[in-house]
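Below, each chain spelled out in residue letters.
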Amino acid sequence: DTTAFFWQGELRPILDKTIGNWYFAFNPNIDFVISGDNKGAGIAPQFKTVYTIKQKVGIGFEYYGGLGSFDDILPGNLQEHLIGPVIDLYTHPMWEVNAGFLFGLTDNSNQRVLKILLGRRRANKSKDQK
(Lines give C-alpha, C1' and ligand atoms only; values in the text may rest on other atoms or scores of the structure.)
Protein backbone atom coordinates (compact mmCIF):
# COMPACT_ATOMS: atom_id res chain seq x y z
CA ASP A 1 0.00 0.00 0.00
CA THR A 2 1.52 3.32 -1.08
CA THR A 3 -1.12 5.54 0.52
CA ALA A 4 0.60 8.21 2.59
CA PHE A 5 -0.61 8.99 6.09
CA PHE A 6 -0.96 12.67 6.93
CA TRP A 7 -0.86 14.15 10.42
CA GLN A 8 -3.48 16.86 10.53
CA GLY A 9 -5.64 18.72 13.01
CA GLU A 10 -7.51 21.91 13.67
CA LEU A 11 -7.86 24.73 16.14
CA ARG A 12 -11.56 25.41 16.67
CA PRO A 13 -12.26 28.49 18.79
CA ILE A 14 -15.98 29.03 19.36
CA LEU A 15 -17.44 32.50 19.72
CA ASP A 16 -21.07 32.11 20.72
CA LYS A 17 -23.97 34.04 22.18
CA THR A 18 -27.48 33.15 23.31
CA ILE A 19 -30.12 35.88 23.08
CA GLY A 20 -33.49 34.68 24.34
CA ASN A 21 -34.34 31.56 22.33
CA TRP A 22 -31.72 32.33 19.66
CA TYR A 23 -28.23 30.82 19.62
CA PHE A 24 -25.44 32.16 17.39
CA ALA A 25 -21.97 30.65 17.00
CA PHE A 26 -18.98 31.57 14.83
CA ASN A 27 -15.93 29.32 14.60
CA PRO A 28 -12.93 30.93 12.83
CA ASN A 29 -11.29 27.52 12.44
CA ILE A 30 -7.69 26.93 11.44
CA ASP A 31 -6.93 23.53 9.97
CA PHE A 32 -3.39 22.31 9.50
CA VAL A 33 -1.36 19.48 8.00
CA ILE A 34 2.02 18.78 9.62
CA SER A 35 3.29 15.88 7.48
CA GLY A 36 3.30 14.94 3.82
CA ASP A 37 3.32 17.08 0.70
CA ASN A 38 0.48 19.42 1.72
CA LYS A 39 1.97 20.93 4.88
CA GLY A 40 0.49 24.22 5.98
CA ALA A 41 -2.47 25.89 7.65
CA GLY A 42 -5.79 26.93 6.19
CA ILE A 43 -8.95 28.81 7.00
CA ALA A 44 -12.19 26.86 7.50
CA PRO A 45 -14.86 29.12 9.06
CA GLN A 46 -18.20 27.88 10.40
CA PHE A 47 -21.39 29.63 11.46
CA LYS A 48 -24.52 28.35 13.19
CA THR A 49 -27.80 29.91 14.24
CA VAL A 50 -30.63 28.05 15.96
CA TYR A 51 -33.99 29.01 17.43
CA THR A 52 -34.86 26.81 20.44
CA ILE A 53 -38.45 25.81 21.17
CA LYS A 54 -39.39 24.94 24.79
CA GLN A 55 -35.72 24.15 25.58
CA LYS A 56 -36.14 20.78 23.81
CA VAL A 57 -35.74 21.36 20.05
CA GLY A 58 -33.61 23.82 18.13
CA ILE A 59 -34.18 24.56 14.44
CA GLY A 60 -31.73 26.56 12.35
CA PHE A 61 -28.94 26.39 9.81
CA GLU A 62 -25.19 25.87 9.67
CA TYR A 63 -22.51 27.03 7.24
CA TYR A 64 -19.11 25.38 6.68
CA GLY A 65 -16.35 26.87 4.53
CA GLY A 66 -12.90 26.02 3.27
CA LEU A 67 -11.11 29.07 1.89
CA GLY A 68 -7.63 27.68 1.25
CA SER A 69 -4.34 28.17 3.03
CA PHE A 70 -3.14 31.36 4.70
CA ASP A 71 -0.55 31.90 1.98
CA ASP A 72 -2.89 30.92 -0.89
CA ILE A 73 -6.56 31.90 -0.49
CA LEU A 74 -8.37 30.07 -3.28
CA PRO A 75 -10.52 31.80 -5.90
CA GLY A 76 -14.23 31.66 -4.98
CA ASN A 77 -15.10 28.84 -7.37
CA LEU A 78 -12.37 26.60 -5.86
CA GLN A 79 -13.37 27.24 -2.25
CA GLU A 80 -15.67 24.92 -0.36
CA HIS A 81 -18.96 26.36 0.92
CA LEU A 82 -21.78 24.29 2.42
CA ILE A 83 -25.02 25.43 4.05
CA GLY A 84 -28.11 23.65 5.25
CA PRO A 85 -30.87 23.17 7.79
CA VAL A 86 -30.12 21.60 11.18
CA ILE A 87 -32.06 20.36 14.16
CA ASP A 88 -30.78 20.14 17.74
CA LEU A 89 -32.48 17.83 20.24
CA TYR A 90 -32.00 18.43 23.97
CA THR A 91 -33.75 15.35 25.33
CA HIS A 92 -31.55 14.95 28.42
CA PRO A 93 -29.52 17.50 30.46
CA MET A 94 -26.30 15.53 29.81
CA TRP A 95 -26.81 14.79 26.08
CA GLU A 96 -27.60 16.65 22.88
CA VAL A 97 -28.09 15.52 19.29
CA ASN A 98 -27.35 17.74 16.28
CA ALA A 99 -28.30 16.64 12.76
CA GLY A 100 -28.36 18.43 9.45
CA PHE A 101 -28.31 18.08 5.70
CA LEU A 102 -25.82 20.41 4.02
CA PHE A 103 -25.69 21.42 0.36
CA GLY A 104 -22.57 22.46 -1.55
CA LEU A 105 -22.63 25.96 -3.03
CA THR A 106 -19.59 25.59 -5.32
CA ASP A 107 -18.44 22.83 -7.68
CA ASN A 108 -15.46 22.18 -5.39
CA SER A 109 -17.73 21.55 -2.36
CA ASN A 110 -19.05 18.21 -1.25
CA GLN A 111 -22.50 18.46 -2.81
CA ARG A 112 -24.59 16.76 -0.11
CA VAL A 113 -23.55 15.98 3.46
CA LEU A 114 -25.67 14.33 6.13
CA LYS A 115 -24.20 15.14 9.54
CA ILE A 116 -25.14 13.69 12.91
CA LEU A 117 -23.37 14.69 16.10
CA LEU A 118 -23.95 13.23 19.57
CA GLY A 119 -22.65 15.51 22.33
CA ARG A 120 -22.07 14.80 26.02
CA ARG A 121 -22.20 17.77 28.36
CA ARG A 122 -20.15 18.15 31.52
CA ALA A 123 -22.05 18.14 34.75
CA ASN A 124 -22.14 21.60 36.31
CA LYS A 125 -20.64 21.66 39.79
CA SER A 126 -21.97 24.13 42.28
CA LYS A 127 -19.59 26.39 44.17
CA ASP A 128 -20.01 24.18 47.24
CA GLN A 129 -18.85 21.02 45.44
CA LYS A 130 -15.16 20.31 44.94
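1. Some remarks on the side chain of Q46
Relative to the helices and strands, Q46 resides in strand 4 (residues 40-53). Only 2.9 Å separates the side chain of Q46 from the side chain of R12, close enough to count as a polar contact. Ignoring any residue separated from it by four or fewer positions in sequence, one finds Q46 in contact with R12, A25, F26, N27, N29, Y63 and Y64.

2. Focus on the pattern of salt bridges
Applying the stated rule across the entire model yields five salt bridges. Its salt-bridge partner being E10, residue R12 comes within 2.5 Å of it at the nearest N-O pair. Residue R12 is classed as partly exposed on the basis of its relative accessible area, which comes to 38%. Two residues, E62 and K115, come together in a salt bridge whose shortest N-O distance is 2.9 Å. Pair noted here: E62 is in strand 5 (residues 57-66) and K115 is in strand 10 (residues 112-120), with a separation of 53 residues, a long-range link. Residue classification places E62 among the buried residues on the basis of a relative accessible area of 4%.

3. Section: the environment of L67
Looking at the element boundaries, L67 is found in the loop between strand 5 and strand 6 (68-69). Spatially, the C-alpha atom of L67 lies 14 Å from that of G104, the residues being 37 residues apart in sequence.

4. Overview of the pairing of strand 5
As defined by bridge partners, strand 4 adjoins strand 5 across eight bridges and the pair is classed as antiparallel. Directly across from K48, in strand 5, lies its bridge partner E62. With 10 bridges joining them, strand 5 and strand 8 (residues 80-92) adopt antiparallel strand pairing. Residue pairing across strands places G60 opposite V86, the latter belonging to strand 8.

Procedures and definitions
Residues numbered from 1 in each chain as written. Predicted model: local features only at pLDDT ≥ 70, side-chain atom pairs only at ≥ 80, totals over all residues. Heavy atoms only, no water. Helix = DSSP H or I, 4+ residues; strand = E, 2+ residues; numbered from the N terminus. Polar contact = N/O pair within 3.5 Å; in protein donor to acceptor, adjacent residues only side chain to side chain. Contact = heavy atoms within 4.5 Å. Salt bridge = Lys/Arg side-chain N within 4 Å of Asp/Glu carboxyl O. Buried < 20%, exposed > 50% of the residue type's maximum accessible area, 1.4 Å probe, protein only. Pairing = 2+ DSSP bridges.

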